[in-house]
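What follows is each chain in one-letter form.
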Amino acid sequence: MKIDRRGILGAAGVLAGAVATNAKAAESKRVKFLHGIASGDPLQDRVILWTRVTPEANENNDIWVDWEIASDEGFKKLINHGKIKTNSSYDYTVKVDATELKPYTDYYYRFKCGDIVSPIGKTRTLPIGNVEDYVIVAASCALFSCGFYNAYKEIANMQNLDVVLHLGDYIYEYGSNPDQLGMTIGEKIGRYPMPAHEAVTLEDYRERYACYRLDPDLQAAHARAPWICVWDDHETANDDWVGGAQDHQPNEGDWKVRAKASVLAYYEWIPIREPEKGKRPEAINRVFQIGNLASIIMMENRLVGRSRQIDIQNPSDVRWTVIDNSDKNNPIVISDQNKTREILGLIAAGKEIPNNYEIKPDYVSLRASINAPERTVFGAEQEKWLEQEITKSVQSDKAWQIIGNQVVMANCLGIDIPNFMGKDRWDKTLSHMSPKLRPWVKQLENLPKDLPFGFDGWDAYPAARQRVDDIFEKTNSRTIVLSGDSHAFWLNELNNKSGKMIAAEIGTTSITSSSLGDMLGGLELGPEYSNKCKEVLFCNHLTRGFAVLTLNKDEAKVDLIGVSTVFSKEYKPFLLKSSVIKPAQNGGLERLKLI
């Protein structure tokens with residue numbers, strides 16, 4: 001199948017510009033609206049409306065769908081309406097850019113196909129002028145097999161909500177075979193993502209979205225308010241970058257084909273506006289203006305500019321030595337290159353090595369790789385764009401600059417997990433790991449405190465972090481960074497090298513996905529991070545949920561909302577932690593206050 005056959009979606013007329021209001025084709029009555037409805041990318045005068053029709057028969061005919069948007073739930077006061085065509089080329093998804101709307105107004109929308117009517121959704125346009133307050137939910141990371149979507153249900157139940165920012169990992173590429181991530185839980189609670197194998201092709205990604213979107217709690221959260229979405233890595237493959245991914249193997253085909261397929265499926269299934277003319281579909285960085293109160297600046301940190309992650313198994317990133325400990329009082333560094341390659345080859349193949357051997361990295365080479373000045377998360381073009389947008393927001397006298405970012409930006413160096421766990425617990429954890437993973441994880445025992453624990457976050461891109469710090473500082477902005485990916489809650493102060501606070505960061509936990517603390521047997525790592533990392537004020541690894549940011553001109557209130565469990569549909573929501581962020585008198589921010 002040709003991936004770029006329609007310029008993602010726009011050329012074939014999926015949006016309102018291609019609506020055929022005088023279409024003579026008969027609407028099919030043999031369809032269902034199984035996957036709910038959604039709205040997204042709101043502007044002051046328009047919003048994207050989304051649904052999918054499912055034909056009862058495996059037919060490849062065009063299906064015409066009516067859409068309506070009204071100012072009342074009974075649809076007595078229609079504001080706009082039309083007719084749009086879909087078929088198998090679009091996976092029967094429907095997207096409409098509904099226009100002629102008023103600023104900061106609630107609307108109701110629905111779709112019809114013959115006498116079949118979709119559920120009703122509620123949406124809201126963006127404000128202009130003076131804005132008293134604005135409520136944003138930040139959510140991320142919803143591995144289907146890892147639990148029930150109780151957090152989405154809580155979002156759907158919120159009384160006061162303007163917009164949901166989804167920061168990525170809306171789906172995961174992993175399948176439902178027993179060895180796939182999350183299936184230890186999924187088999188216990190009956191959550192099996194489809195297809196059963198890992199998503200690689202366009203058809204795979206389409207089926208995965210269809211599986212996720214059957215969940216009633218996700219549908220309810222979409223029906224509650226408009227969403228502004230960006231992807232992280234799992235919408236394509238774990239730890240992806242511009243040239244590949246940790247989870248893309250040679251036997252899975254051409255990386256570019258896979259990446260394009262995942263992007264196409266994302267545009268089909270997510271209520272996101274089509275890319276601007278001349279803009280790459282991968283470049284989903286975009287800006288939303290919240291009257292005079294804030295600019296929401298959504299970034300892309302995977303497919304546009306990200307440099308390859310450091311790989312400790314890659315000899316171009318770090319050199320390794322093999323040590324013979326036969327005489328513990330006189331360890332010998334193996335100089336025989338053939339022997340060194342033999343031992344490292346056994347480890348790479350997941351095989352046990354003789355007990356008298358161990359491996360050690362050359363930390364000088366590792367530091368040099370991490371600190372390479374050309375390494376980037378956003379890419380040079382997007383870094384320049386970020387500076388331009390923050391500058392425009394500050395010069396427009398907006399009270400806040402909100403950055404939708406994927407991975408945690410705070411400096412989290414210095415964590416000694418083996419020591420924090422204690423020797424017995426750490427040894428037991430190592431003993432349960434696969435032979436392929438164990439030797440590499442064991443290196444944490446001696447990891448210098450100036451090196452990152454993981455290589456996918458901003459810690460492993462210090463030159464890029466410095467450039468973003470410089471943007472925050474020289475614009476004198478009041479920036480709040482919203483981050484996902486980590487499956488943990490964070491309240492962080494981002495500081496420059498002299499210790500001055502230049503931005504605040506709110507890290508939202510996952511909807512369901514397990515954290516590092518979960519994977520280490522229910523170990524709450526939060527106190528270790530807040531005690532050892534200067535930029536971390538609060539961290540929690542064992543709670544699933546979402547973050548709520550309530551903005552007014554005088555302060556930004558942060559509420560971290562947890563759910564008591566994701567392993568049962570019987571749960572209780574609770575407030576885990578709150579914080580207040582205040583603007584400083586002459587620009588910038590005051591220190592965070594935990595409450």
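Use the structure listed above.
Reference entry: report on the structure contained in this document.

How each quantity is defined
Residues numbered from 1 in each chain as written. Predicted model: local features only at pLDDT ≥ 70, side-chain atom pairs only at ≥ 80, totals over all residues. Heavy atoms only, no water. Helix = DSSP H or I, 4+ residues; strand = E, 2+ residues; numbered from the N terminus. Rg over C-alpha atoms; globule rule 2.2 N^0.38 Å. Buried < 20%, exposed > 50% of the residue type's maximum accessible area, 1.4 Å probe, protein only. Pairing = 2+ DSSP bridges. Core = buried A, V, L, I, M, F, W, Y, C linked by side-chain atoms within 4.5 Å. Contact = heavy atoms within 4.5 Å. Axes fitted to C-alpha atoms, helices over the stretch in contact; angles between N-to-C directions. Left-handed = near helix turned anticlockwise from the far one by under 90°. Nonpolar A, V, L, I, M, F, W, Y, C, P; charged D, E, K, R; others polar. Expected span 1.5 Å × (residues − 1). Arc of directions from axis to C-beta. 1 Å grid on protein atoms, 1.4 Å probe; cavity = no way out; pocket = protein on both sides within 12 Å on 5 of 7 lines; lining within 4 Å. Points joined across faces, edges and corners; volume = space filled by probe spheres on them. Salt bridge = Lys/Arg side-chain N within 4 Å of Asp/Glu carboxyl O.

## So, the overall build of the protein
- Across its full length, the protein holds 14 helices and 29 strands.
- Against the 2.2 N^0.38 benchmark of 25 Å for 595 residues, the protein shows a C-alpha radius of gyration of 25 Å, consistent with a compact globule.
- By its C-alpha atoms, the protein is 85 × 60 × 50 Å across when sized along the principal axes.
- Buried residues in the protein amount to 59% of all 595 residues.

## Examining unusual backbone geometry
- The omega angle of the peptide bond from Met 194 to Pro 195 is 0 degrees, so this bond is cis rather than trans.
- The phi dihedral of Tyr 92 falls on the positive side, at around 60 degrees, and the residue is not glycine.
- Structurally, the position occupied by Tyr 92 is in the loop between strand E6 (78-86) and strand E7 (93-98).
- Here Asp 397, not a glycine, exhibits a phi torsion of approximately 65 degrees, which is positive.
- Relative to the helices and strands, Asp 397 is located in the loop between helix H8 (380-395) and strand E21 (400-404).

## A short note on the sheet that holds strand E19 (residues 332-333)
- One open sheet holds the three strands; their spatial order is E19-E18-E20, and the pairing between them is antiparallel. Strand pairing shows two members of the sheet lacking a second neighbour, E19 and strand E20 (357-361), which therefore form its edges.
- In this structure, strand E18 (residues 320-324) lies alongside E19, joined through two bridges in antiparallel fashion. Across the sheet, the residue bridging to Asp 324 is Ile 332, located in E19.

## Description of the nonpolar core
- Within the largest apolar cluster, 95 residues are counted, with the highest numbers of intra-cluster contacts made by Trp 400, Leu 482, Ile 506, Leu 549 and Ile 581.
- Per element, the largest residue contribution to this core is nine residues, and it comes from helix H5 (residues 255-269).
- When sequence neighbours within four positions are dropped, the list of residues in contact with Leu 549 reads Tyr 134, Val 135, Ile 136, Ile 402, Ile 480, Leu 482, Ile 506, Ala 556, Lys 557 and Val 558.

## Some thoughts on the packing of helix H3 (residues 202-212) against H5
- Between H3 and H5, whose axes approach to 8 Å, the crossing angle comes to 35 degrees. Helix-helix and strand crossings are classified by hand; for H3 and H5 the assignment is right-handed. Facing Leu 202, Tyr 205, Arg 206, Tyr 209 and Ala 210 of H3, the residues of H5 in contact are Arg 258, Ala 261, Ser 262, Leu 264, Ala 265, Tyr 266, Glu 268 and Trp 269.
- For the contact of H3 with H5, a count of residues per class yields nine nonpolar, one polar and three charged.

## Here's the deal with the sheet that holds strand E24 (residues 501-507)
- Read across the sheet, seven strands follow the order E16-E17-E21-E22-E24-E23-E25 without closing on themselves; strand pairing throughout is mixed. The open sheet has two edge strands, strand E16 (286-290) and strand E25 (536-540), and neither has a second partner. The mean angle between the axes of side-by-side strands here comes to 20 degrees, regardless of whether they run parallel or antiparallel.

## Observations concerning H8
- With 16 residues, H8 should reach 22 Å at 1.5 Å per residue; the first-to-last C-alpha distance of 23 Å fits that figure.
- Restricting attention to buried positions, one finds in H8 the residues Gln 382, Glu 383, Trp 385, Leu 386, Glu 389, Ile 390 and Ser 393. Projected down its long axis, H8 shows its buried positions confined to an angular sector of 160 degrees, all on one face. Structural note: H8 exposes Ala 380, Glu 381, Lys 384 and Gln 395 on the side pointing more than 90 degrees away from its buried face.

## Some words on empty space enclosed by the protein
- For the coordinates displayed, the defined rule picks out two cavities of 30 Å³ or more.
- Here the largest cavity defines a volume of roughly 40 Å³.
- Residue lining of the largest cavity: Cys 412, Leu 413, Gly 414, Ile 415, Leu 447, Pro 448, Lys 449, Leu 451 and Phe 453, and that is the complete set.
- One number sums up the size of the second largest cavity: a volume of about 30 Å³.
- In terms of lining, the second largest cavity is formed by Ile 136, Val 137, Ala 138, Leu 482, Ile 506, Ala 547, Val 548 and Leu 549.
- Mapped by element, the contributors of at least two residues to the lining of the second largest cavity are strand E11 (134-139) and strand E26 (544-551).

## Describing H3
- Burial analysis of H3 places nine of its eleven residues in the buried class, the great majority of the element.
- Looking at the buried side of H3, the elements it contacts are helix H4 (216-224) and H5.

## Some points on the pairing of strand E22 (residues 479-483)
- A large share of E22 lies buried, amounting to five of its five residues.
- Taking every second residue as pointing to the same face, both faces of E22 are buried, with Thr 479, Val 481 and Ser 483 on one and Ile 480 and Leu 482 on the other.
- With four bridges connecting them, E21 and E22 associate as parallel partners. When the bridges of E22 are listed, Gln 401 appears paired with Thr 479.
- The pairing of E22 with E24 spans four bridges and is parallel. When the bridges of E24 are listed, Ser 483 appears paired with Gly 507.

## Things to note about the side chain of Glu 528
- With respect to the element layout, Glu 528 can be found in helix H14 (residues 526-532).
- Taking the relative accessible area as the measure of exposure, Glu 528 reaches 6% and is therefore buried.

## Some remarks on the pattern of salt bridges
- Within the structure shown, the criterion is met by 39 salt bridges.
- The salt bridge partner of Asp 91 is Arg 52, with a shortest N-O separation of 3.2 Å. With Asp 91 in the loop between E6 and E7 and Arg 52 in strand E3 (residues 47-52), this residue pair connects regions lying 39 residues apart in the sequence. Comparing Asp 91 with Arg 52 shows no difference in burial state: the two are buried.
- Its salt-bridge partner being Glu 342, residue Lys 339 comes within 3.6 Å of it at the nearest N-O pair. Of this pair, Lys 339 and Glu 342 both sit in helix H6 (residues 337-348), three residues apart, which is roughly one turn of that helix.
- The exposure class of Lys 339 is partly exposed, given its relative accessible area of 24%.
- Judged by relative accessible area, which is 42%, Glu 342 ranks as partly exposed.
- Taken together, the salt bridges that share partners define one network made up of Asp 232, Asp 233, Asp 240, Arg 302, Arg 306 and Asp 456.

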